[in-house]
Amino acid sequence: MNRFLPRHAWDRTLAIILIALLVAFCTLIPGFYAGFGGTLAITDQFLPFGFVAIGLAVVILTGGIDLSVGAIASLSAVIMAILTKSGGLDIWLAAVLALIIGAILGWLNGIVITSLRVEPLIATLATSFIYTSVATALAGASPPYGFGKPFGVLGNGTIALVLPVQLLMFIGIAIGFSILITRTGFGRRIVMVGYNRDAAHYAGVAVPGLLRKVYAISGFMAAFAGIVLASYYDAVRPDMGNILLLTAITMVVLGGVSIFGGEGGILGVTLGVLILGVLRQGMLIAGFSDMVTTMLTGAILLVSIAAKNLLSDRGFGYGALLLRLINSRKQEATPPNT
Amino acid sequence: MGASRAADHNRTAHGERNVLAMSSPTLASGQDRAPDQAQAPRSGRLSAVEIDKSFLTNRVLKRVSLSLAPGEVHTLMGENGAGKSTLFRVLAGIHRPDAGAITLDATTLDLRNPHAAQAQGIYLVPQEPALMGELSVAENMYLGVLPTRGRLPGRVDWRSIRTRSQDSLRTLGLDIDVRDDARHLSIAQQQLVECAKALLRGCRIILFDEPTSPLTSREVGFLFGIIRRLRDEGYTLGFISHRMDEVMEISDRISVLRDGAVTDEVDRAGFDRSRLVSAMVGRTLSFDRKRTHRAASGRPVLTVRGLTHPSAFRAIDLDILPGEIVGFAGLIGAGRTEIAEAICGLRDKSAGSVVLNGQDITDASIPRIIEAGLVYVPEDRARHGAILPMSIRDNATAGQITRLQNPIGLLDRLREAEIAKQTLARFRVRARGPDQPMRELSGGNQQKIVFGKWMSTNPTVAILDEPTRGVDVGAKEDIYRLIEELSQSGMAIIVISSELEELIALCDRILAIYAGRITAELRGAEITAASVGAAFLGAGSTPA
């Protein structure tokens, strides 16, 4: 009764929107279609958001939130840069260490949430302040830059001349995470905890341990995004991750993941990432200012949440209210036949 | 609107005074009586005429007609999903019918919302009492009709609220401090407060939607006392219950609903169990079946020694034998659920040991306890048992995810499908298929899946907490049959129940739990309605 949408209808809608968007931009915006490789290269501009979004989606599926992803991205990238510039480590080894550090920072979030019983929103807000200030302190007045050409491949490179490395990594990660959520016991437990934490506990799911792993995954993906950004810019800054958070949340929500947990999937998030990214880059190419595109991002967030709530009649959303109003009108219109 | 005005309004509407108010003038407004109307003739016949109601494509009520008479307890019976609650909700203004009319005596009512229904004197005591836990009992009782005093608008007359609500509860024989937060009340008390709310609002037609399912027999007795008193004073009373004994005891008239239509209506003279049951389910069931009590033998599979919790229970000793069905009898709050949860690792304990098949599981994690072969099927299905938005398959396999994983963590989808299929078949679940979301199933079918989820882990000991709560007769029979089968296959089962007849029908041995301790043990021929009834009340210990 609560389900107006058939299964996967949201994903299908998103796929249609994405195709429509690509067709419209290619025909309407001069310069958007710059050859096959040129158009694909656009993805380099926004896929770091996508990496964060996929990690964040896992957290949101459990009904939690991670506000520290931007801070973790910055801190991990700064640490990587220092390890290689001041510590003399090989850049690739430094990058692997930075990923591990990202996972540890996320795991610490999980500890705060499960052991100290702090709500995820507050816990990750607090740690985001801490991680950011540590990054600022470590980076110093002139943050390191220049990591060499081979490392730049991660953010700017292509394979077979046209396929961006970032896009290939994104596709691989999306497939991996999709399998993780839908096909593994770990993923099943995540969804169970998201829908009904108590029932999952009674069914023998070790909830605190699971949550710690989930936040570690989010930290790992944030660090990954930070490293890709460092490669893309060939530099690090302690505030480079700041822009990641809000857009990533928007992508997850647009992708159909419920902020209450449980509902949604990685396929939707992947589509959400591509739609929002293509839309923003397309608008920038068309000559709209960043202000306009940001405004549009906000509007999309509102519309997508409202549409979902309206269609699924969930909770206390205004969508449900509207639906109820429409229903009551209908009932009043029918005269009682006594 | 002030409460006094609400009451007056009602009095004028029905030409009769709140009768309870006469025994205690404070129950109603206590002021400006309308004596000229006190002798008006009895009224309050509430009728549903050809009511039709659909939710989206699901037609729940199909031209249902029903008439509730004053001075009568009229019971609706039927399986889960038959439309009983929906019909009451339509009568109480919560749902608007798609077609048909509601009449009170000769007038046709237009009930736009519950408030309008209450203004006509119709009050629904909901299945789950809707008190606001953070407000005091008194505030809850006057919610929406707070009386004011003085010239300033909105200045609430707290003192009169307190005294009047306290008096009205006392009239019902309830010892509740109205200044206390409502969340401190037991479910039984909350229900009685709801009932008092109806009286305070001057309502003469009170509908009870399955009030007894969370109550113990003593509490039910108390509630019935009040219902009888209201009936004798000419109130119009509607009642829903799944418990046959209760229905036979309290009803003056019974209507049976099946699939949204009335299939039978009988008055007291025509009460007959098998007739009612076949009207309900459309097939004949074996009733009055009593388990042949067996003396189980062998080494205990579950041994509990000295299990203690600082506040809930102390010094619990248990020895459960294979193939044995042991009942926990006791009032809600006696500690039955707490003991079960502590045994299964879901709740802390301060002392004691739990040994399962020779393995000490006192401090083991829940996944380990389940693996060791001990499961707990919780009482609260929606909160602890089922994950309603997920599919039947996901729910059926939720207890054994670890076993379904291969070494790299991937789930064995074929095995999952097989378990789901087996559960559907073995437990006779009415569903479209394994992919159907749990929330689309009726309560009884949900319970069967939850049951199946635990049973498919092949436990050696299962603790079932209120296994048939809120489940219809047909599903109940199925669940009893399953419990029998499982015990014959050697599984040891502990049944926690508030239903006397359920314990008597199922158990080889009954333990009375009172105030956190085991106070008595009944076996074989000692198990009778009287002895189990006494066990509920502490069997010898002084009841509080």
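Check the entry above for the structure.
In this text, all values refer to a predicted model and were calculated from it rather than measured experimentally.

Conventions adopted
- Residues numbered from 1 in each chain as written.
- Chains lettered and ligands numbered in written order.
- Predicted model: local features only at pLDDT ≥ 70, side-chain atom pairs only at ≥ 80, totals over all residues.
- Heavy atoms only, no water.
- Helix = DSSP H or I, 4+ residues; strand = E, 2+ residues; numbered from the N terminus.
- Buried < 20%, exposed > 50% of the residue type's maximum accessible area, 1.4 Å probe, protein only.
- Areas by Shrake-Rupley, 256 points an atom, 1.4 Å probe, with all protein chains shown as cover.
- Polar contact = N/O pair within 3.5 Å; in protein donor to acceptor, adjacent residues only side chain to side chain.
- Contact = heavy atoms within 4.5 Å.
- Axes fitted to C-alpha atoms, helices over the stretch in contact; angles between N-to-C directions.
- Parallel < 35°, antiparallel > 145°, perpendicular 65-115°, else oblique.
- Left-handed = near helix turned anticlockwise from the far one by under 90°.
- Nonpolar A, V, L, I, M, F, W, Y, C, P; charged D, E, K, R; others polar.
- Pairing = 2+ DSSP bridges.
- Core = buried A, V, L, I, M, F, W, Y, C linked by side-chain atoms within 4.5 Å.

**Student:** When you look at the overall build of chain B in this model, what are you seeing that I'm missing?
**Tutor:** Looking only at helices and strands, chain B has 20 helices and 20 strands in total. Scored against the burial criterion, the 544 residues of chain B give a buried share of 57%. Accessible area of chain B: about 21600 Å², with a carbon and sulfur share of 49%.

**Student:** Looking at this structure, how should I read the side chain of Thr 114 of chain A?
**Tutor:** Residues and elements named next belong to chain A. Here Thr 114 lies in helix H5 (residues 91–115). With relative accessibility at 12%, the residue Thr 114 sits in the buried group. At a separation of 2.9 Å, a polar atom in the side chain of Thr 114 contacts the side chain of Arg 212. Not counting residues within four places of it along the chain, the set of residues in contact with Thr 114 comprises Pro 208, Leu 211 and Arg 212.

**Student:** What is the right way to read the packing of H5 of chain A against helix H6 (residues 120–139) of chain A from this model?
**Tutor:** The packing of two helices is summarised by the inter-axis angle and the distance between the axes. Residues and elements named next belong to chain A. Two elements in contact, H5 and H6, have axes whose closest approach is 9 Å; the angle formed by their N-to-C orientations is 140°. In terms of their interaxial angle, H5 and H6 are classed as oblique. In terms of crossing hand, the pair formed by H5 and H6 is right-handed. Judged by residue contacts, Leu 105, Leu 108, Asn 109, Val 112 and Ile 113 of H5 engage Pro 120, Ala 123, Thr 124, Thr 127 and Tyr 131 from H6. The residue makeup of the contact of H5 with H6, split by class, is seven nonpolar, three polar and no charged.

**Student:** Mind showing me how you'd approach the environment of Ala 174 of chain A here?
**Tutor:** All names here are of chain A. Note that Ala 174 resides in helix H8 (residues 165–183). When its relative accessible area of 8% is taken as the criterion, Ala 174 is described as buried. Residues Ala 174 and Val 269, 95 residues apart in the sequence, show an inter-C-alpha distance of 8.8 Å. If near-sequence neighbours (up to four positions away) are discounted, Ala 174 is found in contact with Ile 54, Ile 266 and Thr 270.

**Student:** Got a minute to help me understand the environment of Gly 55 of chain A in this structure?
**Tutor:** Residues and elements named next belong to chain A. Residue placement: Gly 55 occurs in helix H3 (residues 47–61). Along the chain, Gly 55 and Phe 220 lie 165 residues apart, while their C-alpha atoms are 7.7 Å from each other. Contact partners of Gly 55, with chain neighbours within four places excluded, come to Ser 218 and Met 221.

**Student:** Explain the sheet that holds strand S12 (residues 313–320) of chain B here, please?
**Tutor:** Working definition: the strands of a sheet are paired by backbone hydrogen bonds and lie parallel or antiparallel to each other. Residue and element names in this part refer to chain B. Across the sheet, four strands lie side by side as S12-S11-S14-S15; this open sheet has antiparallel pairing. Across the chains shown, the open sheet's two edge strands, defined by having one partner strand only, are S12 and strand S15 (359–360). With five bridges connecting them, strand S11 (residues 302–309) and strand S14 (residues 351–356) associate as antiparallel partners. Residue pairing across strands places Thr 303 opposite Val 355, the latter belonging to S14.

**Student:** Help me out: how do you make sense of the pairing of S12 of chain B in this one?
**Tutor:** Across a regular strand the side chains alternate sides, sitting on one face of the sheet and then on the other. All names here are of chain B. Strand direction decides the pairing type here: S11 and S12, joined by five bridges, are antiparallel. Pairing of His 309 across the sheet is with Phe 313, part of S12. Linking S11 to S12, which pair antiparallel, is a turn of three residues.

**Student:** Got a minute to help me understand the nonpolar core in this structure?
**Tutor:** All names here are of chain B. One finds Leu 302, Ile 343, Leu 374 and Met 455 to be the most contacted residues of the largest nonpolar core, which totals 181 residues. Sequence-distant contacts of Leu 374, defined by excluding residues within four places in its chain, comprise Leu 302, Ile 343, Cys 344, Leu 356, Ile 361, Ile 369, Val 461 and Ile 463. Val 156, Leu 174, Ile 176 and Ala 188 belong to the second-largest nonpolar core, a separate cluster that totals 40 residues.

**Student:** What's the story with the sheet that holds strand S9 (residues 253–258) of chain B in this structure? I'm lost.
**Tutor:** All names here are of chain B. The strand order across the open sheet formed by six strands is S6-S7-S8-S3-S9-S10, and the pairing between neighbours is mixed. One side of each edge strand has no neighbouring strand; the edge strands of this open sheet are strand S6 (122–125) and strand S10 (261–267). Each adjacent strand pair in this sheet contributes to an overall mean axis angle of 20°, direction not counted. Pairing between S9 and S10: six bridges, direction antiparallel. Residue pairing across strands places Leu 257 opposite Val 262, the latter belonging to S10. Contacts from helix H3 (residues 84–91) reach strand S3 (72–77), S6, strand S7 (205–208), strand S8 (236–240) and S9, with the element oriented near 150° to S8. Packing of helix H8 (residues 217–232) onto the sheet brings it into contact with S3, S7 and S8, and relative to S8 it is tilted by some 150°.

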